[in-house]
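Each chain, letter by letter, is given below.
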Amino acid sequence: MRKYKPVELPLKDVPTEFAEEHAICPNCLDREAGVIGRLGLRLVFRCQRCRVRFHRQTAMVGLI
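Since the structure is predicted, the reported quantities are computational estimates derived from the model, not experimental observations.

(A) Region of the structure containing the pattern of salt bridges. Across all of its chains, the model carries one salt bridge by this definition. In this structure, the salt-bridge partner of Glu8 is Arg53, at a minimum N-O distance of 3.4 Å. Of this pair, Glu8 sits in the segment before strand 1 (22-23) while Arg53 is found in strand 4 (residues 53-55), placing the two residues 45 residues apart along the sequence. Take Glu8: its relative accessible area is 58%, and that puts it in the exposed class.

(B) Looking closely at the side chain of Asp30. Along the polypeptide, Asp30 turns up in the loop between strand 1 and strand 2 (33-39). Buried and unpaired, Asp30 has Arg49 as its nearest opposite-charge partner, separated by 4.1 Å. In contact with Asp30, other than residues within four places in its own chain, are Ala23, Ile24, Cys25, Cys47 and Arg49.

Cut-offs applied
- Residues numbered from 1 in each chain as written.
- Predicted model: local features only at pLDDT ≥ 70, side-chain atom pairs only at ≥ 80, totals over all residues.
- Heavy atoms only, no water.
- Salt bridge = Lys/Arg side-chain N within 4 Å of Asp/Glu carboxyl O.
- Helix = DSSP H or I, 4+ residues; strand = E, 2+ residues; numbered from the N terminus.
- Buried < 20%, exposed > 50% of the residue type's maximum accessible area, 1.4 Å probe, protein only.
- Lys, Arg positive; Asp, Glu negative; His and termini not counted.
- Contact = heavy atoms within 4.5 Å.

This is the structure:
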């Protein structure tokens, strides 16, 4: 079975007012997932415990 490389999406820098945001990981429910970038108007988080990357369902307000 062939193993493919995971897709790397181009993340943009996060504005300073959103740099300290945290979210709950959907995989392990850890509350300390920090921001690693943004994809469009969505913050992208990475869980330190299970290394899952995810985004919130709501978009950032006031970014533009």
